[in-house]
Structures are given as C-alpha cells and as structure tokens.
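# Working through the structure, step by step
Given next are the chains, with one letter for each unit.
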Amino acid sequence: MAATPMTRPWTLRIPAPMMRTLRGHLFPGDHDEHGAVIGAAVVPTPRGTRLLARRLFLAVDGVDYVPGQRGYRMLTASFVRECALKCADEGLAYLAIHCHGGERTVSFSSDDLASHERGYPALLDILAGPPVGGVVFARNAVAGDIWIGGGRRFSLECTDVVGRVQVRSFPHPTPVPTGIAEEWDRQVRLFGDAGQALLSQLKVGVVGAGGAGSLVNEYLSRLGVGHLVVVDPERLDPTNLPRVVGALLKDVRPWLTHRRMPGFIRSIGLRRRSSKVSIARRVALAASPDIIFEGVRGDISDASVLAHLIDCDFVFLAADTMQARLVTNALVHQYLIPGIQVGAKVDVDRETGQVHDVFSAVRHLVPGESCLWCNQLINPARLAEEATNPEQLRRQRYIDEISAPSVITLNAVAAALAVNDFLFAVTGLATDVELRWRKFHPLTDSVVSEVPRRDANCSECAGRLGAGPLLRMPVRGN
C-alpha cells in the first residue's frame, strides 16, 4: 500500500505532562530565552500531517543553550547532533524549541529563519526521511517552521496540548467565526461562536454502537460535531431494541426471523437485520444533516478498521470486550488522542437473582496520565479467550466488568456525563482539575471518585506514548 503523503495542514500534539515540563523550562520566570528539542512521530493522514511529541530533550542553559554567534541564543552543535542522532535512531522528526516574550502572538525572528536556512538541510540528511523544524513558544501562542526536504517547508497551523483539558494554540489570535446557524443559538450562549465552530471541525470516534455508544452518537450529532466515526461489528438483535437509540422493530426483520419460519428464511432474515452502525448513521443524519458520518462495520482489532480512527481528535470507548479496551487504550497513548470509557454494570447473584450493585462509569483516558492497563482493567486471560474462542466471547459479552446493562437509563447517565466532559474540555469551559474517574451508584445515591493509578514503566501508556506509526498496534493485519 502506498504511503500517505505529508500534506497540509501540519499540526503538533503534545501530551500534557510533557508540556508541563517544557513550559516550566521555557518560562521559569526570568523573562529570558531557553531552548529544547522535541522528537516527534509523523502521522500523515488525509486530514493533514500530525507531529506527535514523543521525546523531550531539555537544553541546559550555559551548556547546551548558549549566546549565539549570529542571534541572541543558540543550541550548541554537540547538543543538536546528539538529539538529531537520537531522533534518527527512532525515526522521529527533530523539532528545535525556544521561547520568545509576548502572550498571544509569536513568530520567528529574521535570525531564527536564517539559522534554519543554514542548519536544516544538513539535519535532514542526518535524519534521512523524517522532517526537521523549529517551534517557538510564547505564553499562549506557538509557531512552527517545518522542513521536509526538496526545498519544501510548511508552517504549523496549530499546536494541541492533549490532557484532561484540551488547549489549542496558534501563532496569532484567530478571527472570531461568524455566520453560525440559528439552530445552534442556545449552545453558543454557553460556549460561544468559537466553541461551536471548533465542534464542527472535530473528528470524533465512537467504538461501540450499542446501548451507551448509540447515545454518545446522538449527543455528539446534536452538539454539532462535524465528523463522526462509529465502529461496531454487530447487527441489531431483538434484545437491543430497548437500549439502542433509533432502533426500530423493522430493523430486526421479525417477519423473517420468527421461529415458525423455515430455517433458510430465518437465515436470510438474520443476515438482513440492520447493522448497529447503519442505525447510528440514520440517527446522526436526522440530528445533523451536514455531518460527515463514517459507519465502520467491523472490529477495532482489525488494522483496516483502526485506520479510520488514528486521526480522530477524541474517542469514546463504549464497547464491552477486552480487545476493544486493549486497542482503544493503545490508540489513546500511541496517537495522542484523548478519550473516555463509558459503561454501566448490574451486579446480580447468578443463583438468587439478587441485585448487589448497579453503577454507571466514566473513565477518562488521557495520554501519559491514565491507562486501563495500569488500573488492571484489561484482563490478559479474557484477551486470550476472545482471541481464540469467538463463541466464548459471544457468551461472555454481557458479563464484562463494565458490560451493557439491561436498561437505557444507566447508559444515559454515563453517556451524558462523558459527552458533557468532552464538551467542556474541548471548548475551554473546563478547568484543569485533578484527573478522576467516577462511578455513579443509584442504589445508594452515591458517587465514587478515584484518582487512576499510573505505572511509570507501563509498556502500554509510557512505552507507546506518542509513537504513532513507529510501533505496531495490537491489531490483526498490520
């Protein structure tokens, strides 16, 4: 398969923990200039080229970052070479970082641009493939000059800090959008025309189109998200009708699948039942006729299905298999795409039928900060069962730790809170509070909030962080 070309727009994504370290280094309060290097994975997609910050090399003042020969400050040749070779070893782009004064506007000086002209052609030769560039930070602005060889260079359109709260920075303040449709009037009173315009530009993935996923799909469509990718391998079953938003009796073809029908007729009827993604499409287009909707009938564990999600801006995990957890968790960290797991559980004694517990759960998945592996929410034994025994998977689908409950209201609690968290995070209304996972227990009218655990040596979150296409994803066919 031919490689996707590196095309505009170019964007940079930085995980929030790395950005906190970098910002503390660049802006320690001395109002001086400081330097660093970021090694970034390169992800060419049809929507543009993403640079994913994977490595951070801080330049020590007076040792690695010294008075310049032609400009104010410069990275030493030895530091540049050391960082460039490390980037080359991993297949990463090399991004030289420094800071300027100012608040919401930043640009390169003539000395900066002249140094790019002198040094970047040689660095491109060292890296032998990945881009080379410079990135300059002000307090609330970021500009970039990216070189890809052959005399071609591009400017960074924006830089996204990916955390519990999403922060997007541009080189200069962007114009306030105008002409927002009247249908969004009540929403823009909450987060403004700029927030509504941002939602229309986002691509959001929903893994699972069952009880919780169908609600997430409708909420996102009605909020005005511009591009949805909904992934689910299944067709509708009669037991799904009470929970899947938009499902109709005709979607399960009851006249063909009745037990009195001959076997071959029932077989035809089963094959003609509506897929869950087709129902999601119907719901999304009814809510927002201009939406770009990709319904992918398949398993996220297949590389061809996952390919639809790698350039999403956010992802919701609403599927109930360990494989879905494994792959979505890897996607979050490896491609720097924040997400939320949503679900609910009804804990019933199998012998007596007594209900022990009922809860809805919302778990933020933040690159480099919260991970399903670190919190023992991916069961290796179950993974093996799902991979080798499809019938066992079918029987256990509704006995998962956070499995689809039997009533739509429990799903609605989790889905509404998760989409609300997403909305506030991307439109700038949320504050950067401590990351917490939440469980809502209606039987006891209580909310349990916990700080997710993190293993600094976890191979899944720490090991995959920002690697993009440089590491194999845990899927079939890649």
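It should be noted that the structure appears before, not after, this text.
Description of the structure in this document. (Residues numbered from 1 in each chain as written. Predicted model: local features only at pLDDT ≥ 70, side-chain atom pairs only at ≥ 80, totals over all residues. Heavy atoms only, no water.)

Let us now look at the overall build of the protein. Secondary structure assignment for the protein yields 13 helices and 18 strands. Over its C-alpha trace the protein gives a radius of gyration of 24 Å, about what one expects of a compact globule, namely 23 Å for 478 residues. Counting only C-alpha atoms and orienting by the principal axes, one finds that the protein spans roughly 85 × 50 × 45 Å. In the protein, which comprises 478 residues, the proportion classed as buried is 53%. (Helix = DSSP H or I, 4+ residues; strand = E, 2+ residues; numbered from the N terminus. Rg over C-alpha atoms; globule rule 2.2 N^0.38 Å. Buried < 20%, exposed > 50% of the residue type's maximum accessible area, 1.4 Å probe, protein only.)

What follows concerns the packing of helix α5 (residues 211-223) against helix α13 (residues 408-427). In a packed pair of helices, the relevant descriptors are the angle between the two axes and the axis-to-axis distance. Taken N-terminus to C-terminus, the directions of α5 and α13 make an angle of 40°; their axes are 9 Å apart at the nearest point. Taken together, the axes of α5 and α13 lie oblique to each other. In terms of crossing hand, the pair formed by α5 and α13 is right-handed. Across from Gly211, Ala212, Leu215, Val216, Tyr219, Leu220 and Leu223 in α5, the residues of α13 making contact are Ile408, Asn411, Ala412, Ala415, Ala416, Val419, Phe422 and Leu423. Looking at the contact of α5 with α13 residue by residue, the classes come out as 13 nonpolar, 2 polar and no charged. (Axes fitted to C-alpha atoms, helices over the stretch in contact; angles between N-to-C directions. Parallel < 35°, antiparallel > 145°, perpendicular 65-115°, else oblique. Left-handed = near helix turned anticlockwise from the far one by under 90°. Contact = heavy atoms within 4.5 Å. Nonpolar A, V, L, I, M, F, W, Y, C, P; charged D, E, K, R; others polar.)

Bringing the pairing of strand β9 (residues 152-162) into the picture now. Two elements, strand β1 (residues 10-15) and β9, share 6 bridges in a ladder whose sense is parallel. The residue bridging tryptophan 10 from the neighbouring strand is leucine 156, located in β9. Here strand β8 (residues 141-149) pairs with β9 via 4 bridges, running antiparallel. In the strand pairing of β9, aspartate 145 is matched with serine 155. Taken together, β9 and the strand that follows it, strand β10 (residues 167-169), pair antiparallel across an intervening segment of 4 residues. (Pairing = 2+ DSSP bridges.)

As a further point, take the pattern of salt bridges. Two side chains of opposite charge can pair, provided their charged atoms sit close to one another. Counted according to the given criterion, the structure contains 24 salt bridges. Residues arginine 464 and glutamate 460 are paired through a salt bridge, measuring 3.0 Å at the closest nitrogen-oxygen approach. By the burial criterion, arginine 464 is buried, and glutamate 460 matches it. Overlapping salt bridges, with partners in common, bring together Arg13, Asp160 and Arg168 in one network. (Salt bridge = Lys/Arg side-chain N within 4 Å of Asp/Glu carboxyl O.)

Next up on the list: the sheet that holds strand β12 (residues 227-231). The mixed open sheet is built from 8 strands, whose spatial order is β13-β12-β11-β14-β15-β16-β17-β18. The sheet is open, and its two borders are formed by β13 (292-296) and β18 (446-450), each paired with just one other strand. With strand direction ignored, the average angle separating the axes of adjacent strands in the sheet is 15°. Pairing geometry for strand β17 (residues 437-441) and β18, over 5 bridges, is antiparallel. Within β18, the position partnered with tryptophan 437 by the bridge is glutamate 450. Contacting β11 (203-207), β14 (314-317), β15 (339-348), β16 (355-365) and β17, α13 crosses the sheet at an angle of about 20° to β16.

What follows covers the side chain of threonine 328. Position of threonine 328 among the secondary structure elements: in helix α10 (residues 322-334). At 2.8 Å, the side chain of threonine 328 forms a polar contact with the backbone oxygen of alanine 324. Setting aside residues no more than four positions away along its own chain, threonine 328 makes contact with Val207, Ile300, Val315 and Leu317. (Polar contact = N/O pair within 3.5 Å; in protein donor to acceptor, adjacent residues only side chain to side chain.)

Moving on, we get to the packing of aromatic side chains. All chains considered together, the criterion is met by 5 aromatic pairs. On the numbers, 5.2 Å between centres and 45° between planes, the contact of phenylalanine 314 with phenylalanine 316 is tilted. In this structure phenylalanine 314 comes out as buried when scored by relative accessible area, which is 3%. With 4.9 Å between their ring centres and 65° between their planes, phenylalanine 314 and phenylalanine 422 make a pair best called edge-to-face. You can see phenylalanine 314 sitting in strand β14 and its partner phenylalanine 422 sitting in helix α13, a full 108 residues away along the chain. The class of phenylalanine 422 is buried, set by a relative accessible area of 0%. (Phe/Tyr/Trp six-rings, centres within 6.5 Å; stacked < 30°, edge-to-face > 60°.)

Let us now look at the packing of α10 against helix α11 (residues 380-388). Running from N to C, α10 and α11 point in directions that differ by 110°, and their axes come no closer than 8 Å. By the criterion of interaxial angle, the relationship of α10 to α11 is roughly perpendicular. Between α10 and α11, the residues in contact are Met322, Gln323 and Leu326 and Arg382, Leu383, Glu386 and Ala387, respectively. Looking at the contact of α10 with α11 residue by residue, the class counts come to 4 nonpolar, 1 polar and 2 charged.

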